[in-house]
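# Report on the structure
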Amino acid sequence: MTMDRDTAMQVASVLSKGLPYIQRFTGRTIVIKYGGNAMENEELKNSFARDIVLMKLVGMNPIIVHGGGPQIGELLERLEIHSEFINGMRVTDSETMDVVEMVLGGRVNKEIVSLMNQHGGRAIGLTGKDASLIRARQLEVRDPSPEVTRSEIVDIGHVGEVVSVNTEVINMLTASDVIPVIAPIGVGDDGKAYNINADSVAGHVAEALQAEKLILLTNVAGLQDREGNVLTGLTAERVDELIADGTIQGGMLPKIQCALDAVKGGVTSAHIIDGRVAHATLLEIFTDEGVGTLITRS
C-alpha cells in the first residue's frame, strides 16, 4: 500500500506530536473501563483493540475492565428470565448470576481478549474470582418505593461492591507484557460470586494500583454544563461544587463520583470520554484537546 506525500507528511506529523506523550507515560499504568457503544459497534471494537495493543507496544501498561449489561439482558430475555431493577441495579438471584458469569466471564471477556490478540497483543481474560483478584461483599440498597414509610435495606441478591483488589496478580501480568482484561465479578468471603458495576471496579483497580490514569468510556461527549458545553480541566474541588449546585445529576452522577473518588484516592487523573469516537482512547492520551472530560486532584 502506497500513500501520497501529503498523507505521509500528515502521518509523520501525528507521530511526532505523540512522542512527548509516549515519553511521559512509558511504564505508567492506565486503567480503562470499556463499555457502551464502543463495545457493540464492530468498527469501534476493532479500533479500541488496536489502540490498546499500540499503547502496550509503546511501553504503557493498559488494564481493561469491561461491562456487558446489554449482552446480559439479551441472554436473560432469550432464556425468558425476568429481570427486576432497583435504583438502576438488576436484582440478581442465583439463576441470573449464572447468566451474568456466563456472559461477562465467558462470551464478552473472551471476545475482547481474542480481538486484542488478533491485532498483535498478548491479552489474558480474568474475572475477579481468579486468584481472588476482587474481594467483594453484598451491596446494601435502600428501598426507593414511595409506599415505604421508612428507609429499608432490600436484598438484591448477588450484586456486590469492592472490598479489596489483589494487585499482585495484575502486576505479575503487566510485568510479563500481558494486557489484563477483567470482568467485573467479585468473590465474597463465603465464596459467592457478585456482579459489580464495571465503573466501580475500574475505579478501585486504578486506586489500588495508584494508576496514572483512569479512563471511563461512555456514550456521551463528556460531562456537560446546562448549556450542553463539555467541561474539562476540572479539579476535584470544582467537581464537588458542580455536584453541590446540581449541574451534575442523574445518570452521570455515579460515573463522575467514581472518577472523583479515584483522583482523591491517588490516581493522577480521571477521564470521562466519548466511546462513540473512533480511537477515543488514543486521542485522549496523545493529544492536548482530548475527547471528553479531564479531572485532576488540583
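Quantities reported herein were computed from a predicted structural model and do not represent experimental measurements.

## Examining unusual backbone geometry
Glycine aside, residues mostly have negative phi angles, and peptide bonds mostly take the trans form. The phi dihedral of A131 is positive, around 55 degrees, even though this residue is not glycine. A residue is classified by how much of its surface remains accessible, and A131, at 54% relative accessible area, is exposed. At Q210, a residue that is not glycine, the phi angle is positive and equals roughly 50 degrees. Note that Q210 resides in the loop between α6 (198–209) and β13 (213–218). Residue Q210 is classed as partly exposed on the basis of its relative accessible area of 47%.

## Concerning the packing of helix α5 (residues 167–175) against α6
With their axes 10 Å apart at the nearest point, α5 and α6 run at an angle of 80 degrees to one another. Between α5 and α6, the crossing angle belongs to the class labelled roughly perpendicular. On the side of α5, the interface is formed by T167, I170 and N171, while α6 contributes V205, A208 and L209. Within the contact of α5 with α6, the residues separate by chemical class into four nonpolar, two polar and no charged.

## Describing the sheet that holds strand β5 (residues 123–127)
By definition, the strands of a sheet pair up through backbone hydrogen bonds, in either a parallel or an antiparallel sense. Across the sheet, which stays open at both edges, the eight strands sit in the order β5-β10-β2-β1-β13-β15-β16-β14 with mixed pairing between neighbours. Every interior strand has two partners, whereas the edge strands, β5 and β14 (234–235), have only one. α5 rests against β2 (61–66), β5 and β10 (179–183) of the sheet, and its axis sits at about 145 degrees to β10.

## What to know about the environment of G203
Within the element layout of this structure, G203 appears in helix α6. Of the residues examined, G203 reaches a relative accessible area of 7% and is grouped as buried. With 41 residues separating them along the chain, G203 and V162 place their C-alpha atoms 9.9 Å apart.

## Considering the pattern of salt bridges
For the structure on display, the rule yields twelve salt bridges. The partner of K33 in a salt bridge is D199, with the nearest N and O atoms 3.5 Å apart. Of the two residues, K33 is situated in strand β1 (residues 29–34) and D199 in helix α6; the sequence distance between them amounts to 166 residues. Judged by relative accessible area, K33 falls into the buried class, the value being 10%. In this structure, D189 engages R135 in a salt bridge whose closest nitrogen and oxygen atoms are separated by 2.8 Å.

## Observations regarding the pairing of β10
Counting buried residues in β10 gives five out of five residues, a clear majority hidden from the surface. By the alternation rule, side chains of β10 split into I179, V181 and A183 and P180 and I182, which are all buried. Strand direction decides the pairing type here: β2 and β10, joined by two bridges, are parallel. Paired with V65 across the two strands is I182, which belongs to β10. The pairing of β5 with β10 spans five bridges and is classified as parallel.

## Let's talk about the UniProt feature "binding site: substrate" (unreviewed entry) in the protein
Per the UniProt annotation, the sites labelled "binding site: substrate" (unreviewed entry) are G68, G69, R90 and N195. For this annotated set, covering 128 residues, all C-alpha atoms fall within 12.5 Å of each other, a compact arrangement in space. Lining the largest pocket, out of the annotated residues just given, are G68, G69, R90 and N195. One can find G68 in the loop between β2 and α3 (69–78). Judged by relative accessible area, G68 falls into the buried class, the value being 9%. Not counting the four nearest positions on each side in its chain, G68 is found in contact with M39, V103 and L104. With respect to the secondary-structure elements, R90 resides in strand β4 (residues 89–90). Under the relative-accessibility criterion, R90 is labelled buried at 15%. In terms of polar contacts, R90 uses its side chain to reach the side chain of S83, at 2.8 Å.

Analysis parameters
Residues numbered from 1 in each chain as written. Predicted model: local features only at pLDDT ≥ 70, side-chain atom pairs only at ≥ 80, totals over all residues. Heavy atoms only, no water. Buried < 20%, exposed > 50% of the residue type's maximum accessible area, 1.4 Å probe, protein only. Helix = DSSP H or I, 4+ residues; strand = E, 2+ residues; numbered from the N terminus. Axes fitted to C-alpha atoms, helices over the stretch in contact; angles between N-to-C directions. Parallel < 35°, antiparallel > 145°, perpendicular 65-115°, else oblique. Contact = heavy atoms within 4.5 Å. Nonpolar A, V, L, I, M, F, W, Y, C, P; charged D, E, K, R; others polar. Pairing = 2+ DSSP bridges. Salt bridge = Lys/Arg side-chain N within 4 Å of Asp/Glu carboxyl O. UniProt positions renumbered as here; feature names shortened; annotations may be inferred. 1 Å grid on protein atoms, 1.4 Å probe; cavity = no way out; pocket = protein on both sides within 12 Å on 5 of 7 lines; lining within 4 Å. Polar contact = N/O pair within 3.5 Å; in protein donor to acceptor, adjacent residues only side chain to side chain.

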